[in-house]
Amino acid sequence: MMMKGGNKVLARSLMTQTLEAVKRKQFKKFHAASSEEQATIERNPYTIFHQALKNCEPVIGLAPILKGGRFYQVPVPLSDRRRRFLAMKWMITECREKKHRRTLMPEKLSQELLQAFHNQGPVVKRKHDMHKMAEANRALAHYRWW
Amino acid sequence: MLKGVTRLVSRVHKLDPGHFLRLGTQAPQSLAAHLDNQVSFESPRAISCTSENDPAKHEEKHEGQHYNLPLQDMKTIFPHGLPPRYAMQMKTFNEACLMVRKPALELLHYLKNTNFAHPAVRYVLYGEKGTGKTLSLCHIIHFCAKQDWLILHIPDAHLWVKDCRDLLQSSYNKQRFDQPLEASVWLKNFKTTNERFLNQIKIQEKYVWNKRESIEKGSSLGEVVEQGITRVRNATDAVGIVLKELKRQSSLGIFHLLVAVDGVNALWGRTTLKREDKSPIAAEELALIHNLRKMVKNDWNGGAIVMTLSQTGSLFKPRKAYLPQELLGKEGFDALDPFIPILVGNYNPKEFESCIQYYLENSWLQHEKAHTEEGKKELLFLSNGNPGQLERLCAYL
């Protein structure tokens, strides 16, 4: 999803720069913190990345189902891979569209990943919105036939 | 059956160690791991860091070890001139550590035995991209700063021949061009490095800036620098005056002069600057370059000239070129002709091990596999011992 036009070299370099940015930010926080907090600060960019994406995965999703000429948004369970896909997609679209035009992708992505790691930030909010919609449309669950 | 097995074994032994990781054969790896375990029983700090922080006392036994530079000194000696990635590393680790390597040790030895009555010797550090030429230059500059030499450090001569927003026609010589911004920035940094010398050195000639302002004979060099910083239009001429005076007075023996130029191949290459009528400007027509060329000629004594070749910022040169003949061209090579070339190469195994240990101590390598022997072999293979590549690899691990 990072790759555009098959430019894997660029996508790979963007990801490595993001991991480096995450690492440098965490190191800065580490050096500024007291010794008790230092044990809690995570500096491995890979664990941060995986944890952040796990925090962004929705548990339940919505599917448009046609009944009686109208489309209803019906809450539906999502498979593992669909959840991972949605987490990654939301993360990347958030960075591409909602941020200032001139900031670079590694910077934007590293900020978003760190926020998601702490369960804050716009991507986790979008996940919660999805859950709330599913909860609101709970009555339509009978429209699902699978 | 036995013949087939022996042929397989001999073929396996012919492959180099890097390939073993990909194939995943068990026996040779366990042998290598056993041998390495015996070496790594010494404490890691003993291999990677040394407590000898004075560059004057660095010797062969310190080769491959990192020494600490105090951050306060870094701000005065290196307001400009550190490679950007190294500056980022310095900010992240909150400390500045430099590795002692053979080319720098060799240069230090020559500098310690310089005869100041002879004309200044020219040393050229050359090597492939990312091998550590600029950081070796920084090591030398730190040594000279500790020995109280006057340091004339041009961080990157390539910045003066490309991307200049305002080119003025020089008031001193109608044929040449001035670069006010670059000159004023350089003067500011020069002032930070050499504060204490600026009041001691007096200029020996009268210079007239324009109809109303002039500077008298006998006033200090500090005033020339101030004039260049405040009046940006005259900054290039101020730089020219500073260079001329320093060259003249270093022969007198009051101070030792170190001229350190990074990317010296810019002085004899092409530029990307154009006049208003879109005709290209040659390097000689820039006043800064012209003065710098005079500085790098060895017709003065009382110091040394240390230079670095650089392909990274160079214009119109192929990427793989690193030899002096290729990068300087015929004109540059002839101008620099009697010089001492010093090759800066990739890390040897000891230096590589030391670098990895340094990163591990600062917990820069966070990936679990980086601590293992296989991980180190992979890093060695991927970076080929090239310090620049290794640094970029370890950044995201």
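Residues numbered from 1 in each chain as written. Chains lettered and ligands numbered in written order. Predicted model: local features only at pLDDT ≥ 70, side-chain atom pairs only at ≥ 80, totals over all residues. Heavy atoms only, no water.

1. Quick word on the overall build of chain A
Across its full length, chain A carries six helices and two strands. Counting from the amino terminus, helix and strand elements in chain A follow one another as α-α-α-β-β-α-α-α. Taken over C-alpha atoms, the radius of gyration comes to 18 Å for chain A, far larger than the 15 Å a tight globule of 146 residues would show. For chain A, the spread of C-alpha atoms along the principal axes amounts to about 60 × 40 × 25 Å. Buried positions account for 37% of the 146 residues belonging to chain A. Here the analysis covers contacts within chain A between residues at least 6 apart in sequence; of these, 64% occur between residues at least 24 apart. (Helix = DSSP H or I, 4+ residues; strand = E, 2+ residues; numbered from the N terminus. Rg over C-alpha atoms; globule rule 2.2 N^0.38 Å. Buried < 20%, exposed > 50% of the residue type's maximum accessible area, 1.4 Å probe, protein only. Contact = heavy atoms within 4.5 Å.)

2. Brief notes about the nonpolar core
Residues and elements named next belong to chain B. Counting residues in hydrophobic clusters, the biggest one holds 59 residues, and the most contacted among them are Leu 152, Phe 190, Leu 246 and Leu 257. Broken down by element, the residue count for this core peaks at seven residues, all from helix α12 (residues 235–250). Ignoring anything within four residues of it in the chain, the contact list for Leu 246 reads Leu 150, Leu 152, Phe 190, Ile 201, Leu 221, Phe 255 and Leu 257. Residues Tyr 67, Leu 69, Phe 78 and Leu 105 belong to the second largest nonpolar core, which totals 32 residues. (Core = buried A, V, L, I, M, F, W, Y, C linked by side-chain atoms within 4.5 Å.)

3. Some words on the sheet that holds strand β12 (residues 303–308) of chain B
Residues and elements named next belong to chain B. With parallel pairing, the five strands of this open sheet are ordered in space as β4-β9-β12-β3-β13. Where the open sheet ends on each side, the last strands, each with one partner, are β4 (150–154) and β13 (339–343). Here the strands of the sheet are splayed against their neighbours by 15° on average, with no regard to which way each runs. Here five bridges tie strand β3 (residues 121–126) to β12, and the two strands are oriented parallel to one another. (Pairing = 2+ DSSP bridges. Axes fitted to C-alpha atoms, helices over the stretch in contact; angles between N-to-C directions.)

4. Overview of the interface of chain B and chain A
Taken together, the 18 residues of chain B in the interface contact eleven residues of chain A. Taken as a group, B:Thr92, B:Gln366 and B:Tyr396 account for 44% of the area that chain B buries against chain A, more than any other trio of residues on that side. Taken together, chain B and chain A are joined by one salt bridge. Here A:Glu20 makes a salt bridge to B:Arg85, at a shortest N to O gap of 2.9 Å. Every element with two or more residues in the side of chain B that touches chain A is listed here: α6 (84–93) and α17 (387–395) of chain B. At five residues, α6(B) tops the list of elements feeding residues into the side of chain B that touches chain A. (Buried area = accessible area lost by both parts, 1.4 Å probe. Salt bridge = Lys/Arg side-chain N within 4 Å of Asp/Glu carboxyl O.)

5. Side note on helix α4 (residues 80–98) of chain A
Relative to the 27 Å expected for 19 residues at 1.5 Å per residue, α4(A) spans 27 Å between its end C-alpha atoms, a close match to the ideal helical length. Turning to α4(A), the residues buried within the fold contact α3 (45–56), α5 (105–117) and α6 (122–136) of chain A. (Expected span 1.5 Å × (residues − 1).)

6. Thoughts on unusual backbone geometry
Residue and element names in this part refer to chain B. At Asp 163, a position not held by glycine, the phi torsion is positive, near 55°. Relative to the elements of secondary structure, Asp 163 occurs in the loop between β4 and β5 (168–169). Among the residues examined, Asp 163 registers a relative accessible area of 69% and is labelled exposed. Its identity is not glycine, yet Ser 363 carries a phi of approximately 45°, on the positive side. The residue Ser 363 is located in the loop between α15 (349–361) and α16 (373–383) in this model.

7. Things to note about the domain arrangement of chain B
Residue and element names in this part refer to chain B. Partitioning chain B into domains gives domain 1 (60–343) and domain 2 (349–395). Here the C-alpha centroids of domain 1 and domain 2 sit 33 Å apart. Listed by partner, the interface residues are 17 residues for domain 1 and 14 residues for domain 2. Counting the surface lost from both domain 1 and domain 2, the interface buries some 1300 Å², and carbon and sulfur atoms represent 49% of this. On the domain 1 side of the contact with domain 2, His 66, Arg 85 and Phe 93 bury the most area, a combined 40% of that side's loss. Taken together, domain 1 and domain 2 are joined by two salt bridges. Between Glu 391 and Arg 85 there is a salt bridge; the shortest N-O distance is 2.7 Å. Summed over the shared surface of domain 1 and domain 2, the result is seven residue pairs in polar contact (both at pLDDT 80 or more). Among the secondary structure elements, those contributing two or more residues to the side of domain 1 that touches domain 2 are α6 and β2 (96–99). Among the elements that make up the side of domain 1 that touches domain 2, the one with the highest residue count is α6 (four residues). (Domains from an automatic or database assignment. Polar contact = N/O pair within 3.5 Å; in protein donor to acceptor, adjacent residues only side chain to side chain.)

8. Points about the environment of B:Asn362
Relative to the elements of secondary structure, B:Asn362 occurs in the loop between α15 and α16. For the pair formed by B:Asn362 and B:Phe93, sequence separation is 269 residues and the distance between their alpha carbons is 7.2 Å.

9. Re the pairing of β3(B)
Residues and elements named next belong to chain B. Summarising burial for β3: five of the six residues are buried, a large majority. With five bridges joining them, β3 and β13 adopt parallel strand pairing. Residue Tyr 126 lies in a different strand from β13, and its bridge partner there is Leu 343.

10. Quick look at the packing of helix α9 (residues 180–193) of chain B against helix α11 (residues 221–230) of chain B
All names here are of chain B. Here α9 crosses α11 at 140°, and the two axes come no closer than 9 Å. By the angle between their directions, the pair α9 and α11 is classed as oblique. Of the two elements, α9 crosses α11, and the hand of that crossing is left-handed. Counted together, Ser 184, Leu 187, Lys 188, Phe 190 and Lys 191 of α9 and Val 225, Glu 226, Gly 228 and Ile 229 of α11 form the full contact between these two elements. The class makeup of the residues in the contact of α9 with α11 is four nonpolar, two polar and three charged. (Parallel < 35°, antiparallel > 145°, perpendicular 65-115°, else oblique. Left-handed = near helix turned anticlockwise from the far one by under 90°. Nonpolar A, V, L, I, M, F, W, Y, C, P; charged D, E, K, R; others polar.)

11. Overview of the pairing of β12(B)
All names here are of chain B. Counting buried positions over the six residues of β12 gives six, a clear majority of the element. Along β12, one buried face is formed by Gly 303, Ile 305 and Met 307 and the opposite face, lined by Ala 304, Val 306 and Thr 308, is buried too. Pairing geometry for strand β9 (residues 257–262) and β12, over six bridges, is parallel. When the sheet's bridge partners are listed, Val 261 is paired in β12 with Met 307.

12. Side note on α6(B)
All names here are of chain B. By the burial criterion, the buried members of α6 are Arg 85, Tyr 86, Gln 89, Met 90, Thr 92 and Phe 93. Buried residues of α6, viewed axially, fall in a sector of 165°; they line one side. Exposed and oriented more than 90 degrees from the buried face of α6 are Pro 84 and Lys 91. Following α6 by one or two positions, Asn 94 adopts a phi angle in the positive range, close to 60°. (Arc of directions from axis to C-beta.)

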